[in-house]
Amino acid sequence: MNIFNEGKEQNIAQALNTKDKRVALQQKIFTKYPDQTLVDVNLNITGPIKNNRFLEKLFNYGIKQLEASWDKLGFAYKLVVSLDEDTGYENFYILDLPIKKVKQTTIAFEDQAELGRLFDADVLVKDKNAAIFRRDLGPSPRKCFICDRPAKECARSRRHSVAEMQDYISELYVKNVK
């Protein structure tokens, strides 16, 4: 099964426009919640298809795992914006906790949840929209879906084709969500 056989293809310009809109939305959220920690969660999907019914199910399945981990830890969180765009799904959460504590939970989610490697969870505070990165806390870099090398290394060198990555994601869908 290939879950990428449907959906509206996106190009680089659309992806860059989404990033600009994301930053503007983050600033708007911080206007309302200036002293909170913001978690911006989206799927990290290779290729031109970023949104369809299968990716929606993957996103919702993973989001339930992230929220369950916060519930288990007793973290109070608030979903302030949820997006369903052609460029993908994205949730914005506010937590009244220190940025490092929140980032530790998102790293655990990305590294340990069944679908965590498909997700990108940015953790920010209002101070110049400062973000905290996994390297700031010491964990090793994110691993590639296919070969377990550092993901950035594989992405830069284009070591794996879009088809290989989509096959992997399709298999995860069938194994975990379908």
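What to know about the overall build of the protein
Working step 1: From N to C terminus, the protein includes six helices and five strands.
Working step 2: The linear arrangement of helices and strands in the protein, starting from the amino end, is α-β-α-β-β-α-β-β-α-α-α.
Working step 3: Since a compact globule built from 178 residues should have a radius of gyration of about 16 Å, the 16 Å found for the protein is in line with a globular shape.
Working step 4: Along the first, second and third principal axes, the C-alpha set of the protein runs to 45 × 30 × 30 Å.
Working step 5: Counting only residues that meet the buried cut, the protein has 41% of its 178 residues in that class.
Working step 6: Of the contacts formed within the protein by residues at least 6 apart in sequence, a portion of 70% connects residues at least 24 apart.
Working step 7: Counting only carbon and sulfur atoms, one obtains 49% of the accessible surface of the protein, whose full area is about 10,100 Å².
Working step 8: Counting 29 positive and 25 negative side-chain charges, the protein places the centres of these two groups 3 Å from one another.

Some remarks on the sheet that holds strand β3 (residues 88-95)
Working step 1: Read from one edge to the other, the open sheet built from five strands follows the order β2-β3-β1-β4-β5, with strand pairing classed as antiparallel. Each edge of the sheet is formed by a strand with only one pairing partner; in this case those strands are β2 (77-85) and β5 (131-132).
Working step 2: Sheet topology places strand β1 (residues 37-43) next to β3; six bridges connect them, and they run antiparallel. Directly across from Thr37, in β3, lies its bridge partner Leu95.
Working step 3: On the sheet, helix α3 (residues 99-112) packs against β1, β3, β4 (119-124) and β5 and is oriented at approximately 175° with respect to β4.

Overview of the pattern of salt bridges
Working step 1: Tallying each qualifying case throughout the model produces eight salt bridges.
Working step 2: Close ionic contact of Glu6 with Arg53 constitutes a salt bridge, the shortest N to O distance being 3.0 Å. Note that Glu6 is positioned in the segment before α1 (12-32) and Arg53 in helix α2 (residues 53-73), a separation of 47 residues in sequence.
Working step 3: Look at Glu6 and you get partly exposed, because its relative accessible area is 29%.
Working step 4: Put simply, Glu90 and Arg22 hold a salt bridge, and the shortest N to O gap is 2.5 Å. Here Glu90 is found in strand β3, whereas its partner Arg22 is found in helix α1, with 68 residues between them in sequence. Taken individually, Glu90 and Arg22 each receive the classification buried, so the pair is uniform in this respect.
Working step 5: A network of salt bridges, in which partner residues are shared, links Arg22, Asp40 and Glu90.

Focus: the packing of α2 against α3
Working step 1: Orientation of α2 relative to α3, taken along the N-to-C sense of each, is 135°, at an axis distance of 10 Å. Considered as vectors, α2 and α3 are oriented oblique to each other. α2 and α3 meet at a crossing whose hand is right-handed. Each of Gly62, Gln65, Leu66, Trp70 and Leu73 in α2 lies in contact with α3, whose residues at this interface are Thr105, Thr106 and Phe109.
Working step 2: The class makeup of the residues in the contact of α2 with α3 is four nonpolar, four polar and no charged.

The rules we used
Residues numbered from 1 in each chain as written. Predicted model: local features only at pLDDT ≥ 70, side-chain atom pairs only at ≥ 80, totals over all residues. Heavy atoms only, no water. Helix = DSSP H or I, 4+ residues; strand = E, 2+ residues; numbered from the N terminus. Rg over C-alpha atoms; globule rule 2.2 N^0.38 Å. Buried < 20%, exposed > 50% of the residue type's maximum accessible area, 1.4 Å probe, protein only. Contact = heavy atoms within 4.5 Å. Areas by Shrake-Rupley, 256 points an atom, 1.4 Å probe, with all protein chains shown as cover. Lys, Arg positive; Asp, Glu negative; His and termini not counted. Charge placed at Lys NZ, Arg CZ, Asp CG, Glu CD. Pairing = 2+ DSSP bridges. Axes fitted to C-alpha atoms, helices over the stretch in contact; angles between N-to-C directions. Salt bridge = Lys/Arg side-chain N within 4 Å of Asp/Glu carboxyl O. Parallel < 35°, antiparallel > 145°, perpendicular 65-115°, else oblique. Left-handed = near helix turned anticlockwise from the far one by under 90°. Nonpolar A, V, L, I, M, F, W, Y, C, P; charged D, E, K, R; others polar.

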